[in-house]
Structure formats: structure tokens, C-alpha cells
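# An overview of the molecular structure
Residue-level listing of the chains:
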Amino acid sequence: MSEISDEALPGVMKDVEETINRIKSHKGVEGILVMTNQGEIIQSTLTDDQATSYGSILTNLIRNASNLVKAVDPGEDLTFVTVRSKNKDIMVANDKDFMLVVIQDPSSNSV
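Attention here is on the structure that accompanies the text. (Residues numbered from 1 in each chain as written. Predicted model: local features only at pLDDT ≥ 70, side-chain atom pairs only at ≥ 80, totals over all residues. Heavy atoms only, no water.)

Our focus in this paragraph is the nonpolar core. Counting 14 residues, the largest nonpolar core has Met35, Leu58, Ile62, Ile90, Val92 and Val101 as the members making the most contacts within it. Considering each element in turn, this core owes the most residues, four residues, to helix α2 (residues 48-72). In this structure, Val16, Ile20, Val29 and Met91 belong to the second largest nonpolar core, which totals eight residues. (Core = buried A, V, L, I, M, F, W, Y, C linked by side-chain atoms within 4.5 Å. Buried < 20%, exposed > 50% of the residue type's maximum accessible area, 1.4 Å probe, protein only. Helix = DSSP H or I, 4+ residues; strand = E, 2+ residues; numbered from the N terminus.)

In C-alpha cells, the structure reads:
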């Protein structure tokens, strides 16, 4: 995993905060989770219990989905996953080092 220098960390965290605030303003967003690909929670709008639960489950899901993508096409990387149920949409943007998770109520987007 690439390291963020101590000098760059405040700017990175400011960018993370701005992104979270922008996403939170969207209709139906119930929670946001930023974590490492190893499951370490960096930032969350969820309760600690919710963040730990989602983080653990999603880390395993993304690891398995990434392995599937590599098996199908070794030159490709998993970049985005959506899990949709009747009551929740869980969207995961996967990067080399981090995951951004957005949990939203899909019925709030209905007209």
C-alpha cells in the first residue's frame, strides 16, 4: 500500500471530508464509509458497529469480486460494485488502496 506523507495528510483528509459532505447532500444517502482495502476504517458517517459490520463484509466481498474479475480478465481491475436490495443500495468504488462505500435508500430516488 502506498503511504501518504505526513505533510500531505491534512490536504488528503480535507479532500476526503469535502467528498463525504458532497455525497451526504444527495437524497437518500444513509451512510458513507471510507476504508483501506484491508478493511481499516478511515472515515465513516455510520455508527461504529455499523461501520465495523459493513467494513468486514464488504472487504471480503470486494476481495472475492476482485479475484473473479482477475480470473475472467487478468489485465483488468475491479473498480465499482453495486449491491441492490429492496431497501438498500450499496455502492463501492474500489481503488488500489482504498474503498469508498455509499449506502442509500433506493426508494428516495423514486419520483
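As a further point, take the sheet that holds strand β4 (residues 89-94). Read across the sheet, five strands follow the order β2-β1-β5-β4-β3 without closing on themselves; strand pairing throughout is antiparallel. The outermost strands of the open sheet, each flanked by one partner alone, are β2 (41-44) and β3 (80-84). Adjacent strand axes in the sheet meet at a mean angle of 15° when their direction is disregarded. Sheet topology note: the strand β1 (residues 29-36)/β2 ladder contains three bridges and is antiparallel. Bridging across to β2, Met35 finds its partner in Ile41. (Pairing = 2+ DSSP bridges. Axes fitted to C-alpha atoms, helices over the stretch in contact; angles between N-to-C directions.)

Let us now look at the pairing of strand β5 (residues 98-104). Across the seven residues of β5, five count as buried, placing the element largely inside the fold. Where β1 lies against β5, seven bridges are found, and the strand directions are antiparallel. Directly across from Ile32, in β5, lies its bridge partner Val102. Two strands pair when backbone bridges link them, and β4 and β5 are joined in this way by six bridges, in the antiparallel orientation. Note that in β5 the partner of Val92 across the bridge is Val101. If you look at the hairpin formed by β4 and β5, you'll find three residues sitting between the two strands.

With that settled, the discussion passes to the pattern of salt bridges. Tallied over the full model, the rule gives three salt bridges. The salt bridge involving Lys88 is made with Glu30; its shortest N-O contact spans 2.8 Å. Of this pair, Lys88 sits in the loop between β3 and β4 while Glu30 sits in strand β1, and the two are 58 residues apart along the sequence. When its relative accessible area of 27% is taken as the criterion, Lys88 is described as partly exposed. Assessed through its relative accessible area of 39%, Glu30 is described here as partly exposed. Measuring nitrogen to oxygen at the nearest pair gives 2.9 Å for the salt bridge that ties Asp89 to Arg84. Classification of Arg84 by relative accessible area gives exposed; the value is 62%. (Salt bridge = Lys/Arg side-chain N within 4 Å of Asp/Glu carboxyl O.)

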